[in-house]
Amino acid sequence: VHLYVLVHGFNSCQGHLRYVAKRIKAALGGPAVVYLAGSNQPRVNNPLFHPTHDGIDVGGERLAQEISDLVRRPEHARLKYIS
């Protein structure tokens, strides 16, 4: 099973990638997991407090932790490759 992690950019959100995720799932079919990362998702509806303003290093650490937690879930025990 392959894992595809989609990550939004600066001042963006998961919702902006839903269509892309849907198209990737449709194209890949079968044993693929398409995951929309949410660790850098804004918690407050105010662009001045967007998590992406923390910098790429801090955002990268949040994303790495989120993916680490994701692959440890029992339902993803069969993942063989992370891309």
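Since the structure is predicted, the reported quantities are computational estimates derived from the model, not experimental observations. (Residues numbered from 1 in each chain as written. Predicted model: local features only at pLDDT ≥ 70, side-chain atom pairs only at ≥ 80, totals over all residues. Heavy atoms only, no water.)

Draft legend 1. Broad picture of the environment of N40. With respect to the helices and strands, the residue N40 is situated in the loop between β2 (32–36) and α2 (56–71). Separated by 19 residues in sequence, N40 and G59 have C-alpha atoms that sit 6.3 Å apart. Excluding anything up to four places from it in sequence, N40 contacts H8, H50, P51, T52, G59, R62 and L63. (Helix = DSSP H or I, 4+ residues; strand = E, 2+ residues; numbered from the N terminus. Contact = heavy atoms within 4.5 Å.)

Draft legend 2. Summary view of the side chain of N40. When its relative accessible area of 9% is taken as the criterion, N40 is described as buried. At a separation of 3.2 Å, a polar atom in the side chain of N40 contacts the main-chain carbonyl oxygen of G59. (Buried < 20%, exposed > 50% of the residue type's maximum accessible area, 1.4 Å probe, protein only. Polar contact = N/O pair within 3.5 Å; in protein donor to acceptor, adjacent residues only side chain to side chain.)

Draft legend 3. The arrangement of the layout of surface pockets in detail. Taken as a whole, the largest pocket spans an internal volume of roughly 210 Å³. Around the largest pocket sit V7, H8, G9, F10, N40, P51, T52, G55, I56, G59, G60 and L63, which together line it. A per-class count over the lining of the largest pocket returns five nonpolar, seven polar and no charged. (1 Å grid on protein atoms, 1.4 Å probe; cavity = no way out; pocket = protein on both sides within 12 Å on 5 of 7 lines; lining within 4 Å. Points joined across faces, edges and corners; volume = space filled by probe spheres on them. Nonpolar A, V, L, I, M, F, W, Y, C, P; charged D, E, K, R; others polar.)

Draft legend 4. Molecular detail of the pairing of β2. For strand β1 (residues 2–6) and β2, the ladder comprises five bridges, and the chain directions are parallel. Within the sheet, the bridge partner assigned to Y4 lies in β2 and is V34. With helix α1 (residues 18–28) bridging β1 and the parallel β2, this β-α-β connection has right-handed handedness. (Pairing = 2+ DSSP bridges. Right-handed = clockwise from strand over helix to strand, strands pointing away.)

Draft legend 5. Spatial organisation of the environment of Y4. Its location among the elements puts Y4 in strand β1. When the C-alpha atoms of Y4 and A32 are compared, they prove to be 7.5 Å apart, with 28 residues separating the residues in sequence.

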